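# Architecture and fold: a report
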Amino acid sequence: MASPSGSADGSGKAQEAPQTSEKAREVLADDYYFMGIAGLAAKKSKDPMTQVGACIVNQEKKIVGVGYNGMPRDSKNLPWSRNAEKEEAERKYLYVCHAELNAIMNKNSADLKGCTMYVTLFPCNECAKLILQAGIKEVVYFSEKNDTPASTAASKKMLEDAAVPLRKFEPKEAIVIDFSKLQHHSAK
Ligand SMILES: O=c1ccn([C@H]2C[C@H](O)[C@@H](COP(=O)(O)O)O2)c(=O)[nH]1
Ligand SMILES: [Zn+2]
């Protein structure tokens, strides 16, 4: 599992040797944790083709918003098709709420100024506008699709122009949640 860079508790102090009676625990690094939450949120998306998740974190490293791409609230019969041969009104793009929009709308704090957004897919130009208007000050993304180059270029241009750092998350290992290891037994 990914561990934090530097000292184990982030304090910069040398790590103390664990007590012999204590199990050595692996502690998840921030980027893995927050992108992991974004990835888990993506798993909730009903988009049959592309599931996207976003997680917004404030300067105290607290999660203040999570979202995934989905159809607008209370909608029942909107199409998920991406088929280019269908009429525009029969394709998902006019309707779907992007993960970033939903994460921003789901915020549980007064505002998002100074926050970082973790998002599993490079934000489109419309989401870049939302990110900027929300006062988000850093974007960490995972994957980049190249099927909308103009949108990607515009998004990069806007974020760069506003001096909002854009960073690609490059995981070196997988995060695995083994529920059997979360099963705690009373010590007797
Ligand atoms: O910034 C973005 C860009 C796209 N999405 C969502 C919108 C759609 O549900 C999918 C893209 O569908 P494709 O079939 O891959 O074209 O991704 C998003 O949430 N945020
Ligand atoms: Zn978008």
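Residues numbered from 1 in each chain as written. Chains lettered and ligands numbered in written order. Predicted model: local features only at pLDDT ≥ 70, side-chain atom pairs only at ≥ 80, totals over all residues. Heavy atoms only, no water.

### Some details on the overall build of the protein chain
Check the secondary structure of the protein chain and you find four helices and five strands. In the protein chain, the succession of α and β elements from N to C terminus is α-β-β-α-β-α-β-α-β. In the protein chain, which comprises 188 residues, the share counted as buried stands at 34%. Taking contacts inside the protein chain between residues at least 6 apart in sequence as the whole, the part at least 24 apart equals 61%. Within the structure as shown, the protein chain displays about 12,800 Å² of accessible surface, and the carbon and sulfur contribution to it stands at 51%. (Helix = DSSP H or I, 4+ residues; strand = E, 2+ residues; numbered from the N terminus. Buried < 20%, exposed > 50% of the residue type's maximum accessible area, 1.4 Å probe, protein only. Contact = heavy atoms within 4.5 Å. Areas by Shrake-Rupley, 256 points an atom, 1.4 Å probe, with all protein chains shown as cover.)

### What to know about the coordination of the zinc ion (ligand 2)
Donor atoms from the polypeptide that bind the zinc ion (ligand 2) are H98 (ND1), C124 (SG) and C127 (SG), placed at 2.0 to 2.2 Å. In the primary structure, the donors to the zinc ion (ligand 2) are separated according to the pattern H-x25-C-x2-C. With respect to burial, C124 and C127 carry one shared label: buried. (Donors = N, O, S within 2.8 Å, 3.2 Å for Na, K, Ca; no water.)

### Digging into the UniProt feature "binding site: Zn(2+)" (unreviewed entry) in the protein chain
Taking the UniProt record as the reference, the feature "binding site: Zn(2+)" (unreviewed entry) is found at H98, C124 and C127. The annotated residues occupy 30 residues of the chain but converge on a single region, no pair of C-alpha atoms lying more than 9.0 Å apart. Inspection of the secondary structure puts H98 in the loop between strand 2 (63-68) and helix 2 (99-105). A residue is classified by how much of its surface remains accessible, and H98, at 32% relative accessible area, is partly exposed. Every residue in contact with H98, bar those within four places of it in the chain, is listed here: Y68, N69, C124 and C127. Here C127 lies in helix 3 (residues 125-134). (UniProt positions renumbered as here; feature names shortened; annotations may be inferred.)

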